[in-house]
Amino acid sequence: MSSWTPPPADSPRRLADLRVSYDAGVLEEDQLGATPLDQFRGWFDEAVAIGLPEPNAMVLATASLEGQPSARTVLLKDVDERGFVFYTNLGSRKSRELAENPAASCVFPWFAMHRQVVVIGRAEQVPRSEAAEYFASRPRGSRLGAWASRQSSVLEGRAGLEARYAELQSQYPEDGDVPLPEFWGGWVVRPESVEFWQGRPSRLHDRLRFTLTADARAAAGWAPLSDASSWVVERLSP
């Protein structure tokens, strides 16, 4: 895999000079999985196999009703025929925006593999039972942290947050249950399109995108990621 070659020591380094040659692979139509779910799982397994740090990290973009965008990194916790699932505080900025404007996009930036996956769709909350099952699987510290934080609200200082965490440690003993907070849950992004991007030399990248068929879009606005008949593949110009 090619990497950036720095300029001579006597010349200044500019941001404009930072670049790599994308030559780690290709993506042809006949290499693509039969469904978006097949293709994503295949690439994800490869990212795990090479030891990519946090391969389930994805940049989630949302927007307010006024169109003000925001983005942050969250962790994918499940992917199935519905879409891409993550969990968070339901009072956070991302949740507030999704509640009023469900349009969302997720990007998996697998830079070391010269790959990206770009998901565009609409989000909806997962059932409470599903959120409770996942919450119970989290480490105790993470469960207490969820209770301690009113995510995205303004803090006067860190001391108050740590004091609240200490109170919760006393409230919920080591051998006791830490219940799911009412203000905490999960979202699933149901895709309308899933693009698989493979970097290529000279910026002639491979971009293959699964898009809902017209029938699937008209019927429900989404379709199972495992249903090949509901998706068409398009090659996009780089």
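Reading the values: the criteria
- Residues numbered from 1 in each chain as written.
- Predicted model: local features only at pLDDT ≥ 70, side-chain atom pairs only at ≥ 80, totals over all residues.
- Heavy atoms only, no water.
- 1 Å grid on protein atoms, 1.4 Å probe; cavity = no way out; pocket = protein on both sides within 12 Å on 5 of 7 lines; lining within 4 Å.
- Points joined across faces, edges and corners; volume = space filled by probe spheres on them.
- Helix = DSSP H or I, 4+ residues; strand = E, 2+ residues; numbered from the N terminus.
- Nonpolar A, V, L, I, M, F, W, Y, C, P; charged D, E, K, R; others polar.
- Buried < 20%, exposed > 50% of the residue type's maximum accessible area, 1.4 Å probe, protein only.
- Pairing = 2+ DSSP bridges.
- Contact = heavy atoms within 4.5 Å.
- Salt bridge = Lys/Arg side-chain N within 4 Å of Asp/Glu carboxyl O.
- Axes fitted to C-alpha atoms, helices over the stretch in contact; angles between N-to-C directions.
- Parallel < 35°, antiparallel > 145°, perpendicular 65-115°, else oblique.
- Left-handed = near helix turned anticlockwise from the far one by under 90°.
- Phe/Tyr/Trp six-rings, centres within 6.5 Å; stacked < 30°, edge-to-face > 60°.
- Lys NZ or Arg CZ within 6 Å of the ring centre and 35° of its normal.

Caption draft 1: Highlighting the layout of surface pockets. By volume, the largest pocket is sized at about 360 Å³. For the largest pocket, the lining is made up of 19 residues, of which Tyr87, Thr88, Arg138, Gln151 and Trp184 are closest to its centre. For the lining of the largest pocket, the secondary structure elements donating two or more residues are strand E2 (69–75), strand E4 (84–89) and helix H4 (140–148). With 4 residues, the top contributor of residues to the lining of the largest pocket is H4. Partitioning the lining of the largest pocket into residue classes produces 7 nonpolar, 8 polar and 4 charged. Of the pockets and cavities examined, the second largest pocket occupies roughly 170 Å³. At 3 residues, helix H5 (residues 158–171) tops the list of elements feeding residues into the lining of the second largest pocket.

Caption draft 2: Region of the structure containing the pairing of strand E8 (residues 206–212). Counting buried positions along E8 yields 5 of 7 residues, so the element is predominantly enclosed. The pairing of strand E7 (residues 184–198) with E8 spans 6 bridges and is antiparallel. Counterpart to Glu195 in the pairing with E8 is Arg209. With 5 bridges joining them, E8 and strand E9 (residues 231–235) adopt antiparallel strand pairing. Residue pairing in the sheet places Thr211 in a bridge with Val232 of E9.

Caption draft 3: Geometry of unusual backbone geometry. Positioned with a positive phi, Ser152 is a non-glycine residue whose angle comes to about 80 degrees. With respect to the element layout, Ser152 can be found in the loop between H4 and H5. A relative accessible area of 47% places Ser152 in the partly exposed class. Backbone geometry at Arg203 places phi at a positive 65 degrees, although glycine is not the residue there. If you trace the backbone, Arg203 turns up in the loop between E7 and E8.

Caption draft 4: View of the side chain of Asp80. In this fold, Asp80 is placed in the loop between strand E3 (78–79) and E4. Those residues in contact with Asp80, other than ones at most four positions away along the chain, are Leu37, Arg41 and Leu225.

Caption draft 5: Seen up close, the pattern of salt bridges. Taken as a whole, this structure holds 16 salt bridges when the rule is applied. Of the charged contacts in the structure, one is a salt bridge between Glu46 and Arg115, with a shortest N-O distance of 2.8 Å. One end of the pair, Glu46, is in helix H1 (residues 36–49); the other, Arg115, is in strand E6 (residues 115–125), and 69 residues separate them in sequence. Using a relative accessible area of 38% as the deciding quantity, one classes Glu46 as partly exposed.

Caption draft 6: Focus on the packing of H4 against H5. Contact geometry of H4 with H5 gives a least axis separation of 9 Å together with a crossing angle of 125 degrees. When the axes of H4 and H5 are compared, the pair comes out oblique. As H4 packs across H5, the resulting crossing turns out to be right-handed. Here Arg140, Gly141, Leu144, Gly145, Trp147 and Ala148 of H4 lie close against H5, whose contacting residues are Leu161, Arg164, Tyr165, Leu168 and Gln169. Each residue belonging to the contact of H4 with H5 can be placed in one class, and the counts come to 6 nonpolar, 3 polar and 2 charged.

Caption draft 7: Summary view of the packing of aromatic side chains. For the structure on display, the rule yields 16 aromatic pairs. For the ring pair Trp43 and Phe196, a centre distance of 5.5 Å and an interplane angle of 85 degrees mean the geometry is edge-to-face. Placement of Trp43 in helix H1 and of Phe196 in strand E7 is noted, with a sequence separation of 153 residues between them. A relative accessible area of 4% places Trp43 in the buried class. One aromatic cluster is present, built from ring pairs that chain together Phe40, Phe44, Phe84, Phe108 and Trp110. One cation-aromatic arrangement involves Arg150 over Phe183; the distance from NZ or CZ to the ring centre is 4.2 Å. Sitting above the plane of the Trp222 ring, Arg190 keeps its charged end 3.9 Å from the centroid.

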